[in-house]
Each structure stands twice: as C-alpha cells, then as structure tokens.
Amino acid sequence: MYITKKKIKDHDYYYLRQSVREHGKVKTKNIAYLGKDLKEARKKAKEIIRNNEKKNKENVVFKSKLEHKKISINELAVFCKRKSFVYPSAEIYGGYAGFWDFGPIGVEFRNNIKQGWWNYHVQNREDIVGIDGSIITNPKVWEASGHVQSFSDVIAKCKKCGKFVKIDKHEINKGVKCFCGGELDFENANDFNLMFTTKVGPIGQVEDDDKNSIVYLRPETAQLIFADFKLVQENARLKLPFGIAQIGKVFRNEIAPRNFLFRSREFEQMEIEYFIQPNSECKYKIPDINVLIFSSDMQKKNKEAEKMKIKDALFKKIIKHKWHAYWLAVELNWFVSLGCDINNFRLRQHLKDELAHYSSDCWDIEYNFPFGWKELQGIADRGNFDLSQHEKFSNKDLKIFDQKSGKKILPHVIAEPSLGLDRSFLVFLFDAYYYDKARGNIVLKLHPKLAPIKAAIFPIIKKPEYEKMTLEIFKDLSKEFNVIYDKSGSIGRRYARNDEIGTPFCITIDDKSPNQEDVTIRFRDTTEQIRVKIKDLKEILRKLILEEEKFEKIGKKVSTRIK
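Asker: Lay out the packing of aromatic side chains with the relevant residues and their values.
Answerer: Counting across every chain of the model gives 36 aromatic pairs. Seen from their ring centres, F229 and F242 are 6.0 Å apart, and the 10° between their planes marks the pair as stacked. Of this pair, F229 sits in helix 8 (residues 229-235) while F242 sits in strand 13 (residues 242-251), placing them 13 residues apart in sequence. The same class applies to F229 and to F242, which are both buried. An aromatic cluster is present here, built from F262, W334, F335, F345, Y367, F369, F371, F428 and F430 joined pairwise through their rings. Geometry around Y435 places K69 over its ring, the cationic atom sitting 5.5 Å from the centre. Over the ring of Y434 we find K445, and its NZ or CZ is 4.7 Å from the ring centre.

Here it is in structure tokens:
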C-alpha cells in the first residue's frame, strides 16, 4: 500500500492505493480517500494499514500456493529464451545446431553453478586442487588416451527419412527408432569419431607439413589432468589419496544434437580425477543418501530399479568398491544440498558392452528428464590406464613416491566424477520450476546460492528522494552481491518478473523507510515480508543466501496482504 496524489483544478487530493492480482493480471486500485492535507493523509493511511494488519493477523488472505510444474524440454527452451537464460547461437542467421549462447540471466546462473561446484569440491576440501588446461594441446595426448582410435558413437541410417541417428551400443537391435518413427538400418550401422579437428601453424604450404599441423579440440577435460599429474602433485605437495579438478569447454561432433542443452556440440564439463593407492580402503564416511539403484544385474534380469541407501548397496556388494560408493553419494549430496529432489535421481550401472575402453566399472547418476531417464554424471573406475598410457607414449616416468608403502607407484583412479555443466543447468531449472495459482505466475525456486540475481531493490514511491535512497542501497549491496534496481511498473509486476527468474529476495523502500531507516524484504517462495534496518541489510542478505539464518527468524514480520 502507498499514498498517491492526484491534482484536480490546482488542488491536491491524496489516496491510499494497493496493487492486487486479479485473473492473473496486476491492477492498482484506490483503497481509500485520505483528504487534501499530506500530513493528515499519512496519519489516516497508517491507521488503515494498522487495522488491516490486525484483521489479517490470524487469517492471511494472500497465501502462496506453489505447485511443481512438469514441462517439456521444448517448453523449457522457450522459457529460457524469453527470460534471457539461453538463446540459439547466432539466431539472426538461423542458429547453428548444437551451439548455444547464454544471455544476461543465463550467464550469471551458469557461473553460480560452476562456483558452487568448485566451492563444494575444491575449496571446501583439503585433498583436491584445481587446474585449467588448454583446449588445444599436443595431439599425442589423444593418441595415448585412445581417443583417436576409439572415441566414437554408433550411427545408423533411418530407412524412412534417410537421416543418420546416434544410438548406444546396447540399443542395437532393440527396437530403437528414428525421431520420425522410422526403422533404423542396424545391419549397416558403423562407428563415427566424435573429435573435431583443426590445424595449427602456416598450413597449406607443403603437403607433409599440412598433415602434421592437424590437432584436435579436446573432447573431454580429463586428459590434461593426467598429462599434468606429476607437476601438480609435486607443486601442490599432495599425498595419496588426492584429486585434481577442472572446469572447462569441450567439443564433440555429435551426429544429432538434440533436446536443447542436453546434447550439444560445445559444452562444459566439471570433472575430478581422484587418485588412490591400488587396493586402498576409503577412509571417508559415506553420506546417508537413499536413492533408486539400477544395477547391471537388475537390467539383465529385467527387474525394476530398487530404492536403497548407497551404503546398503555397498554392503550387498551391488556397488563393488567403497571409494565408488562414496563418490556416488557425495555427488548426489551436492545436488540435494542445492535444492534438488532426490526422487528425480537414480544410479545406473553400465552393462559390460557399454563400458569405455579405459573403464572396468562405471555408474551413471541419471535424472528423470521429460524425455526419460538419462545420464547426468558418469563416475568411472579408470584404474591406472591413463597414467600407464601417457608413460608409454611420452617415455616419461609418472610414478610418485607413496609414503604408506615406501615405494614409487602409479596411482589408480577409482572414481572419476564427470559432470556436464549444461545438463546440471537443465536439472536445476526443471527441479525449480513451479507455478503459483494465487500469484498467477511462474516461480523459479532456485537455491539462493544459484539464483542469478540475489535481490531486487524497488522504490515503492516514485519520487526523487525515495529513488535516491534506493540507488544508495543498490550501490552498497552491489559491491558484494549481484542485485538489480527496478522502478518500472507496479510493485506486483516487479515481484512477478523476479519470481520468474528465481530472485529469492525483493527489497522495497516505502514511505516509512526514510524516518525509520529500515526496508521490507520479501521472500520469493512464501511471499512473507519482514522489516529490517538498512545498516543490517548486507549481513542479513549474506546469512539468507548462505542459509545461516531462516527467513522467518529475521526481522519483524509484515502482513503478506500488503504485497
């Protein structure tokens, strides 16, 4: 509610106004006539507001009615474009399949996911450090890793439309069809290498030089970790067990990029290679996670996935190694800690014919996407394959001294948590997508740590002195948080705009703020409002984002009727 002035025949008349939502639209209405004198009008307004608060203390009329809304991948793509999360790359030229541009909101959201992952896996642990490897490197790296020979997908031609379709090896002759519904020619299916090639140096002068100039855009982030392994271990003075992490762009020449960000040709990985002494026991406690588990044995016997605790799956020897069980639980715990519903995840073990050339065992964390259960993150047991290969091809000793055995050893990678940033992007959006019947708009319930905008700051009264105060608060908060200043449209419309992009907190400066030196904070998920002192605002916002304090325990509660 706020006071507004109307001039009629050189006389000032004051009214109390309120923004209300009717049939999904925000309208502003006069609630009461307050007279011709501003001082008297303020007194009357305070009395009306006070009476409203008393009346609604026991029974608040406006209540949030959030319901999780399931949408298709195409609907999410439309939403992302409209709300400046993701655009088709170079859309003015018709776009380019498998490539995407991230808009003002999307780039902030993406950066927050990366920062959240890095903080959880690297900064909050003593046993993991990070690197940032080159996208183009010596091509011998990819010969040693086996990518030149083995990094391929199976493609089959559709008998109906003639297009080539990517299929997984375990899907051959199992009734998989083309997107058009046509049957695939499995008899003539063959392998297709996914690596992009380019050339380095003064090419085209001599044929032999031209051949030697061929290099690859990296198809994964893992190999630079292995190539730099000994330098990193020595420089960071790491002792087994330890991990090396990396976030970075990778490129795969996908046969049929599809499902929005799920399968692209350019994307980012967030990956760890965790090194241990061969046959060593995991020293860490397994997080208590209860999740659907779909072992290779269950798949062979056509059984349903079974919900159980990961530590129980280890005890029953469904998961073979404690290290593997530990990292599966740790990775799931990261998603749950950021607001995801564990019921949308499952663990699926690779069948023997699915295993990569370097892996003896692999489990995928899968998510129940609108198009079915699909891989979100792979966690493979790579043994010492990679380090052995790089020793062989480089003729360099990559063994390190192990204090426990007193010998030089080549460590094993028992777990390789490899996560696609863009698939995580989708998961967080799908899990956060809610509709509020009372508000009549989408509410993106993103965790405050991931929210692209942490707070939106509004002046309710559109006068220079209030706008100046709002801008001062904005400038102070923006030194530490990504916040926005918005004075456009009704207060209800401004709330709705921010609900839809996941902004958790809206700060309003009203007629009380100058005298009381306080503001109102509104929480996105409940629409509850509290009043807090301006001097405490930065610290309160920090605690709310980090979840060190609950919203309802901070400040003086204000009636949610006054939106």
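Additional details are given in the paragraphs that follow.
Asker: Explain the pattern of salt bridges to me, using residue names and the numbers behind them.
Answerer: Scanning the entire structure with this criterion turns up 35 salt bridges. Where K538 meets D476, a salt bridge forms, and the shortest distance between an N and an O atom there is 3.3 Å. Remark: D476 occurs in helix 14 (residues 464-477) and K538 occurs in helix 17 (residues 537-545); sequence separation between them is 62 residues. Judged by its relative accessible area of 34%, D476 is partly exposed. Between R522 and D499 there is a salt bridge whose closest N-O contact spans 3.2 Å. Residue R522 is found in strand 28 (residues 518-523), and its partner D499 is found in helix 15 (residues 491-500); the two are separated by 23 residues along the sequence.

Asker: How would you sum up the sheet that holds strand 24 (residues 441-444)? Please name residues and give values.
Answerer: Here three strands make up an open sheet; going across it, the order is 4-23-24 and the pairing antiparallel. Each of the sheet's edge strands pairs with one partner strand only, and the pair in question is strand 4 (66-68) and strand 24. Strand-to-strand twist in this sheet, taken as the mean axis angle between neighbours without regard to direction, amounts to 40°. Strand direction decides the pairing type here: strand 23 (residues 433-436) and strand 24, joined by four bridges, are antiparallel. Counterpart to D436 in the pairing with strand 24 is N441. In the packing of helix 13 (residues 421-432) onto the sheet, contacts are made with strand 4, strand 23 and strand 24, and the angle to strand 23 comes to roughly 20°.

Asker: Break down the layout of surface pockets for me, citing the residues and quoting the values.
Answerer: Looking at the second largest pocket, its volume works out to about 730 Å³. Contributing to the lining of the second largest pocket are 35 residues, with G339, D431, A432, Y434 and K445 lying nearest its centre. Looking at the lining of the second largest pocket, the elements with two or more residues in it are strand 18 (361-369), helix 13 and strand 23. Per element, the largest residue contribution to the lining of the second largest pocket is four residues, and it comes from helix 13.

Asker: Hey, could you go over the pairing of strand 23 for me, with residue numbers and the actual values?
Answerer: Direction of pairing for strand 4 relative to strand 23: antiparallel, over a ladder of three bridges. Residue H68 lies in a different strand from strand 23, and its bridge partner there is Y434.

Asker: Describe the packing of helix 3 (residues 104-123) against helix 11 (residues 322-337), with residues and values.
Answerer: The N-to-C vectors of helix 3 and helix 11 enclose an angle of 140°; their axes lie 11 Å apart at closest approach. The orientation of helix 3 with respect to helix 11, classified from their angle, is oblique. For helix 3 against helix 11, the interelement crossing comes out right-handed. Contacts between helix 3 and helix 11 pair I113, G116, W117, Y120 and H121 from the former with W327, V330, E331, N333 and W334 from the latter.

Asker: Before we move on, can you summarise unusual backbone geometry with the specific residues and values?
Answerer: Residue P241 follows L240 across a cis peptide bond; omega there is 0°. For P241, the position within the fold is in the loop between helix 8 and strand 13. Its identity is not glycine, yet R237 carries a phi of approximately 55°, on the positive side. Relative to the elements of secondary structure, R237 occurs in the loop between helix 8 and strand 13. Phi at N279 takes a positive value of approximately 65°, unusual for a residue other than glycine. Mapping N279 onto the fold places it in the loop between strand 14 (266-276) and strand 15 (290-294).

So, how was this worked out
- Residue positions are given per chain, counted from 1 along the sequence in the order it is written.
- A pLDDT threshold of at least 70 governs which residues receive local features in this predicted model, and a stricter bar of 80 or more applies before side-chain atom pairs are shown or counted, although totals over entire chains, interfaces and linings include all residues.
- Here the side-chain values reflect all heavy atoms present in the structure, with hydrogen atoms and water set aside.
- The criterion for an aromatic pair is that two Phe, Tyr or Trp rings (for Trp, the six-membered ring) have centres within 6.5 Å, with stacked assigned to planes under 30 degrees apart, edge-to-face to planes over 60 apart and tilted to the rest.
- Each helix is a run of H or I in the DSSP string that is no shorter than four residues. Each strand is a run of E no shorter than two, and both are numbered from the N terminus.
- Relative accessibility decides the category of a residue: with a 1.4 Å probe and only protein chains considered, values under 20% of the type maximum give buried, values over 50% give exposed, and everything between is partly exposed.
- Either the NZ atom of lysine or the CZ atom of arginine qualifies as a charge over a ring when it sits within 6 Å of the ring centre and within 35 degrees of the ring normal.
- Just to be clear on terms, a salt bridge is a Lys or Arg side-chain nitrogen sitting within 4 Å of an Asp or Glu carboxyl oxygen.
- Strands are labelled as partners when DSSP assigns at least two bridges between them.
- Axes, fitted as lines to C-alpha atoms, cover a helix only where it is in contact. Angles between the N-to-C directions of the axes lie from 0 to 180 degrees.
- In this analysis, two residues are considered to be in contact whenever any of their non-hydrogen atoms come within 4.5 Å of each other.
- Cavities and pockets were defined on a 1 Å grid built from protein atoms only: a cavity is a group of points that admits a 1.4 Å probe but offers it no way out, a pocket is an open group of points flanked by protein on both sides within 12 Å along at least five of seven lines, and a lining residue is one with an atom within 4 Å of any such point.
- Grid points are joined across faces, edges and corners, and a volume is the space filled by probe spheres set on the points.
- We call two directions roughly parallel when the angle between them is under 35 degrees, roughly antiparallel when it is over 145, roughly perpendicular when it lies between 65 and 115, and oblique otherwise.
- What makes a crossing left-handed is the near helix being turned counterclockwise from the far one by less than a right angle; a clockwise turn instead makes it right-handed.

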